[in-house]
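# Fold and contact review
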Amino acid sequence: MNPIQLFDPASSTYTYVLFDEVTREALLIDPVDEQIERDLATLRQYGLKLLWTVETHAHADHITSAGLLAEHTGARTAAPAGCGISTAAVQLGDGDVLEFGSQRIRALHTPGHTAGSMSYVWDAPDGGKHVFTGDTLLINGCGRSDFQSGSAEALYRSLTQVLFALPDETIVWPAHDYQGRTHSSIGAEKRSNARVAGKTLAEFVAIMDELHLPRPRRMDEAVPANLSSGLRHDAGGGALLQSRPAQGYAGDVSPQLAWHWVQTGEAVLVDVRTDAEREWVGFVPGAVPLAWKQWPGMAMNAGFDDGLKSAAAGGKKVVLLCRSGVRSVAAAKRATELGLEAYNILEGFEGDPDEHAQRGRKGGWRFHKLPWRQG
Ligand SMILES: [Fe+2]
């Protein structure tokens, strides 16, 4: 039993429908916004009730219809936890399972194309094994690793140690194909994938470094939209994606926009909390730690100016993060005096306290489920 495979010619994207033949409950992988009518018609044609929409990653080449499908069908949205898709109801970790009827898919964290990218394994009721590989493994190829927090080293590990560890007969269903091919198998890709078969890590990294691919045409529109499940026009959705001018520095930005800029390489994120706060509360991977004031005594950090200038070397924008968005304003003003294009990240890492003096429930980096780590 194969999944239903649907194709969007504009972006060469495959969308997949999986369902339980008894309960007719269904799951959709990587839906495309322009194809929502087609997808709804497919669900009607097969008599399916959509339970889940799932993303393999935050796409750069098309906008997801997950948010709209959820509104139309009552489906729940799921996305990899490391992708910053804050609107997804379920944030998937490695090994997590989504059920539809007696069927289930299992998430495999396969970073490299993006840091959060996931593949999904489905064992069909007829014994067939399937894996939906997103842009991690393509037919005789793989996704690029040169933006969106991609990493050729991580991609090599995901391909050779995670996906190629699946049984050879597992059918590979990619997120794209540009030559009309529909599927492959793990065995075939292990044997003959031009990018990775028989290649060492160093050879693979060299191949990826030499690609020099153009930026996806719709990237600046698609990635921010996909961080909110494709709901560009919903309440506040548009406001998330633009900076707001401010007095004394370049502007205020949402945590989502700041993260988008970091992923595209436009900006460097500078975390101006103290070392103790970061260790206690959590930190953002890849951020430059540079305290605005420092214990003991919360004196000004004498090395702040120099640290900031070296963080912004190469003319990048600077986005400044603190606990709740107060120190980051002061730091943004100082950065502006130093001649930098500096933005304050609204709400900070933890947001404002709620009525019970609890932080983390009223906005902030963690609240929006952007990537962070403890300790
Ligand atoms: Fe992608």
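What counts and how
Residues numbered from 1 in each chain as written. Predicted model: local features only at pLDDT ≥ 70, side-chain atom pairs only at ≥ 80, totals over all residues. Helix = DSSP H or I, 4+ residues; strand = E, 2+ residues; numbered from the N terminus. Rg over C-alpha atoms; globule rule 2.2 N^0.38 Å. Buried ≥ 20, exposed ≤ 12 C-beta atoms within 10 Å, placed from the backbone. Contact = placed C-beta atoms within 7 Å. Pairing = 2+ DSSP bridges. Axes fitted to C-alpha atoms, helices over the stretch in contact; angles between N-to-C directions. Right-handed = clockwise from strand over helix to strand, strands pointing away. Core = buried A, V, L, I, M, F, W, Y, C linked by C-beta atoms within 7 Å. Domains from an automatic or database assignment. Nonpolar A, V, L, I, M, F, W, Y, C, P; charged D, E, K, R; others polar. Parallel < 35°, antiparallel > 145°, perpendicular 65-115°, else oblique. Left-handed = near helix turned anticlockwise from the far one by under 90°.

## Quick word on the overall build of the chain
- For the chain, the count of helices and strands is 10 helices and 22 strands.
- Relative to a compact globule of 375 residues, whose C-alpha radius of gyration would be 21 Å, the chain shows 22 Å and is just as compact.
- Summarising its shape, the C-alpha atoms of the chain cover approximately 65 × 50 × 35 Å along the three principal directions.
- Scored against the burial criterion, the 375 residues of the chain give a buried share of 49%.
- Counted over contacts in the chain with a minimum sequence separation of 6, partners at least 24 positions apart contribute 59%.

## Describing the pairing of strand E13 (residues 171–174)
- With four bridges connecting them, strand E10 (residues 129–134) and E13 associate as parallel partners. Among the inter-strand pairings, Gly 134 is bridged to a residue of E13, identified as Pro 174.
- When E13 meets strand E14 (residues 184–185), the two strands line up antiparallel, connected through two bridges. Residue pairing in the sheet places Val 172 in a bridge with Ser 184 of E14.

## Focus on the sheet that holds strand E17 (residues 267–271)
- Taken together, six strands build an open sheet; the order of strands is E15-E16-E22-E21-E17-E18 and the sheet is mixed. For this open sheet the edge positions go to strand E15 (244–246) and strand E18 (288–289), each flanked by a neighbour on one side alone.
- The sheet strands contacting helix H9 (residues 304–311) are E17, E18 and strand E21 (317–321), and the helix crosses E17 at an angle near 155 degrees.

## What about the sheet that holds strand E6 (residues 90–92)?
- Pairing is mixed in the open sheet, where six strands are placed in the order E1-E2-E3-E4-E5-E6. Either end of the sheet is taken by a strand with one partner, and the two such strands are strand E1 (4–8) and E6. Strand-to-strand twist of the sheet, defined as the mean angle between neighbouring strand axes without regard to direction, takes the value 25 degrees.
- In terms of strand pairing, strand E4 (residues 49–54) meets strand E5 (residues 76–80) through three bridges, oriented parallel. Residue Trp 52 lies in a different strand from E5, and its bridge partner there is Arg 76.
- Sheet strands in contact with helix H1 (residues 36–46) are E1, strand E2 (13–19), strand E3 (25–29) and E4, and its direction is about 160 degrees off that of E1.

## Focus on the pairing of E5
- Counting buried positions over the five residues of E5 gives four, a clear majority of the element.
- Of the crossover connections in this fold, the one passing from E4 over helix H2 (residues 66–73) to the parallel E5 is right-handed.
- Bridge count between E5 and E6: three bridges; the pairing is parallel. What sits directly across from Ala 78, in E6, is Val 90.

## Observations concerning the environment of Ala 26
- Here Ala 26 lies in strand E3.
- Exposure remark for Ala 26: the 25 C-beta atoms within 10 Å place this residue in the buried category.
- Distance in space between the C-alpha atoms of Ala 26 and Val 162 is 26 Å, their sequence separation being 136 residues.
- Ignoring any residue separated from it by four or fewer positions in sequence, one finds Ala 26 in contact with Val 17, Leu 18, Phe 19, Leu 43, Leu 48, Lys 49, Leu 50, Leu 51 and Phe 100.

## Some remarks on the environment of Asp 177
- Structurally, the position occupied by Asp 177 is in the loop between E13 and E14.
- Residue classification places Asp 177 among the partly exposed residues on the basis of 19 C-beta atoms within 10 Å.
- Other than its neighbours up to four places away in sequence, Asp 177 contacts Ser 12, Leu 138 and Ile 139.

## A closer look at the nonpolar core
- Ala 26, Leu 27, Leu 50, Trp 52, Phe 100 and Tyr 120 are the most contacted members of the largest nonpolar core, which has 61 residues in total.
- At five residues, the largest contribution of residues to this core is made by helix H3 (residues 152–162).
- Membership of the second largest hydrophobic core comes to 38 residues, among which are Val 253, Ala 291, Phe 304 and Leu 346.

## Description of the domain arrangement of the chain
- Under the domain assignment, the chain is made up of domain 1 (4–209) and domain 2 (242–345).
- Summarising the inter-unit geometry, the C-alpha centres of domain 1 and domain 2 are found 35 Å apart.
- The interface of domain 1 with domain 2 comprises five residues on the first partner and five residues on the second.
- Classifying every residue of the side of domain 1 that touches domain 2 gives one nonpolar, four polar and no charged.

## So, unusual backbone geometry
- One non-glycine residue, Asn 140, adopts positive backbone phi at about 55 degrees.
- Locating Asn 140 in the fold gives a position in the loop between strand E11 (137–138) and strand E12 (141–142).
- Phi at Gln 148 is positive, roughly 55 degrees, even though this residue is not glycine.

## Quick notes on the packing of H3 against helix H5 (residues 201–209)
- H5 packs onto H3 with a crossing angle of 125 degrees between their chain directions and a minimal axis gap of 9 Å. Classed by the angle they form, the pair H3 and H5 counts as oblique. Viewed along their axes, H3 and H5 form a crossing whose handedness is right-handed. Across from Ala 152, Glu 153 and Tyr 156 in H3, the residues of H5 making contact are Leu 201, Phe 204, Val 205 and Met 208.
- Partitioned by chemical class, the residues of the contact of H3 with H5 number six nonpolar, no polar and one charged.

## Describing the environment of Gln 103
- When you line up the elements, Gln 103 lands in strand E8 (residues 103–109).
- Spatially, the C-alpha atoms of Gln 103 and Gly 303 are 56 Å apart, while their sequence positions differ by 200 residues.
- Non-local contacts of Gln 103, meaning those with residues more than four positions away in its chain, are made with Leu 18 and Asp 20.

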